Amino acid sequence: MSVNVSARTIEEKTFMHPCYNCIAHKYARMHIPVAPKCNVSCNFCNRKYDCVNETRPGVTSEVLTPEEAKDKFKIVKDKVRNLTVVGIAGPGDPLANFDETKKSIELIKNESKDITFCLSTNGLMLPFYVDKLIELEVTHLTITINAVDPKIGGEIYKFVNYLGDVFVGEEAGRVLLSNQLSGLKYAAQKGIVCKVNIVMIKGVNDVHVPEIVKKVKECGAYMANIMPLIPVKGSAFENNPTVTEVELNNMRKSCDSILKQMYHCKQCRADAIGTLENDISSQFRGNNISEESNDNENKLEDKNVIELKHHKYRFAIASKSGVSIDEHFGHASEFYIYDMINDEIKFREKRKVNKYCNGVYDCGEHEDKIENIIKNVIDCNAVLVVRAGFEPMDRLYEKGIRVFEMYQEINKGIRKAVELLKKNK
Ligand code: CLF
Ligand code: SF4
């Protein structure tokens, strides 16, 4: 089996890919955030943000279903005439969400024959999926490889979940590396154009970077993209020092003689749209619900559309652990937003709110706070919490949002809430 491109040749696609070719800066790419889960835990990642291997932390993308991604693609394609690439870069790993990845590509391929498909992966599941990616006509692949020494890898990955077995330390580094390199070799042999991203982490893998570049070149990588660590709040590396722009560029230059280097990466978000210089994704988020939208009417309209057309439910969940509904309404500083569509439960995003209750001293501010919370959950059918006071319950009820008190695992709680909504209890 080899790469079969429909209209443009693979060389043309690479020539018109804004990440693979800096003179292709006039072309746009669109990321579709259809991949929320991940099978690896990188020490520089805090899962409330997008995959840091490819994207900028600090911005949480919405998660789309494949159908939603296809609908959004149609809108974007009509408006962004220079669009050449559709990429999947998170918010987790596309190969840990292969069904969604596959379905999205198939649906979009039906809409456009000329689009280049590009994926960014941690590489753990790559050996399993190269042939499938070729069938899907994915021509460009990014694999993030932060170490070619399992010992160093062991310092970078908290754990690796490989087919249900969890590995830690050096063993985690070994399992991941072995799959990354065999996947890269195989994909490159089969004609996929492979870029390797390397997160440069001071004191951990910085002096090791040239060795990584040499190894991936041997395995067939087309280019390398050395990126600076962004110490994400809440991650194990949150207090690690960062490399300076000068140190980063010096490293890239010193590796240039080994393998072609990328100098223009923007560490863009998992729902980025536009040229690398000009991200216009915010213009397209109104089509779906976004954490940036505080427009009540849009959210209400959206909620009605969702309920009537798609029989879909949306919930705001108060959770300390991220696993169970275990937070009091008044103590929640953020809500996890989940959808249930055709019996399938999907996490969408987290929304920050001002805590409703900070103790007796701010009782007078409750009015403003409940307004702020209502704005953030207006598109939801219900809020699921351990406990809530009568006042917030009444105010949410007035807006058509139910409050269900329960203490259980999130998915179970959602199913129970759907039953209650259906029975109108
Ligand atoms: Fe996206 Fe990545 Fe494909 Fe580009 S981004 S999946 S290769 S289409 Fe590009 Fe953005 Fe840098 Fe990635 S600037 S973060 S390298
Ligand atoms: Fe986070 Fe990406 Fe690493 Fe997964 S691969 S843990 S999403 S940085």
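Use the structure listed above.
A short tour of the structure in this document, coming up. (Residues numbered from 1 in each chain as written. Chains lettered and ligands numbered in written order. Predicted model: local features only at pLDDT ≥ 70, side-chain atom pairs only at ≥ 80, totals over all residues. Heavy atoms only, no water.)

### Structural notes on the overall build of the protein chain
Here's step 1: Summing up its helical and strand segments, the protein chain has 12 helices and 15 strands in all.
Here's step 2: Split into buried and exposed, the 425 residues of the protein chain put 58% on the buried side.
Here's step 3: Nonlocal contacts in the protein chain, meaning residues at least 24 apart in sequence, comprise 70% of its contacts between residues at least 6 apart. (Helix = DSSP H or I, 4+ residues; strand = E, 2+ residues; numbered from the N terminus. Buried < 20%, exposed > 50% of the residue type's maximum accessible area, 1.4 Å probe, protein only. Contact = heavy atoms within 4.5 Å.)

### Considerations on the site of ligand 1
Here's step 1: Near ligand 1 lie 15 residues; those nearest to it are Cys-19, His-31, Glu-54, Cys-118 and Cys-268.
Here's step 2: Tallied by class, the residues present in the shell around ligand 1 amount to 7 nonpolar, 5 polar and 3 charged. (Near = heavy atom within 4 Å. Nonpolar A, V, L, I, M, F, W, Y, C, P; charged D, E, K, R; others polar.)

### Re the nonpolar core
Here's step 1: Core analysis: the biggest nonpolar cluster contains 79 residues, and Phe-44, Leu-133, Leu-141, Ile-145, Val-160, Leu-184 and Ile-226 have the highest contact counts within it.
Here's step 2: Here this core gets 8 residues from one element, more than from any other, and that element is helix 6 (residues 169–189).
Here's step 3: Every residue in contact with Leu-133, bar those within four places of it in the chain, is listed here: Leu-95, Phe-98, Leu-119, Leu-126, Val-138, Leu-141 and Ile-192.
Here's step 4: Core analysis: the next-biggest nonpolar cluster, separate from the first, contains 20 residues, Tyr-356, Ile-370, Ile-374 and Ile-378 among them. (Core = buried A, V, L, I, M, F, W, Y, C linked by side-chain atoms within 4.5 Å.)

### Comments concerning a nonpolar patch on the surface
Here's step 1: Taken together, the side chains of Phe-159, Val-166 and Val-168 define a hydrophobic patch exposed on the protein surface, amounting to about 260 Å² of accessible area.
Here's step 2: Mapped onto the fold, Phe-159 is located in strand 6 (residues 157–162).
Here's step 3: In this structure Phe-159 comes out as partly exposed when scored by relative accessible area, which is 31%. (Patch = residues over 30% accessible without salt bridge, like charges linked within 9 Å, V, L, I, M, F, W, Y side chains within 5 Å. Areas by Shrake-Rupley, 256 points an atom, 1.4 Å probe, with all protein chains shown as cover. Salt bridge = Lys/Arg side-chain N within 4 Å of Asp/Glu carboxyl O.)

### Re the pattern of salt bridges
Here's step 1: Summed over the entire model, instances satisfying the criterion amount to 22 salt bridges.
Here's step 2: Here Glu-100 and Lys-346 are joined by a salt bridge, their closest N and O atoms 3.3 Å apart. Linking Glu-100 in helix 3 (residues 98–111) with Lys-346 in strand 13 (residues 344–352), this pair joins segments that are 246 residues apart in sequence. Across the pair, Lys-346 and Glu-100 agree in class, each one buried.
Here's step 3: Connected through shared salt-bridge partners, Glu-68, Lys-312, Arg-314, Asp-339, Arg-348, Glu-349, Arg-351 and Asp-379 make up one network.

### Some remarks on the environment of Val-40
Here's step 1: Residue position: Val-40 is located in strand 2 (residues 40–42).
Here's step 2: Residues Val-40 and Gly-123, spaced 83 residues apart in sequence, show a C-alpha to C-alpha distance of 9.8 Å.
Here's step 3: Setting aside anything within four residues of it in sequence, one finds Val-40 in contact with Asn-122, Leu-124, Tyr-157, Phe-159, Val-160 and Leu-176.

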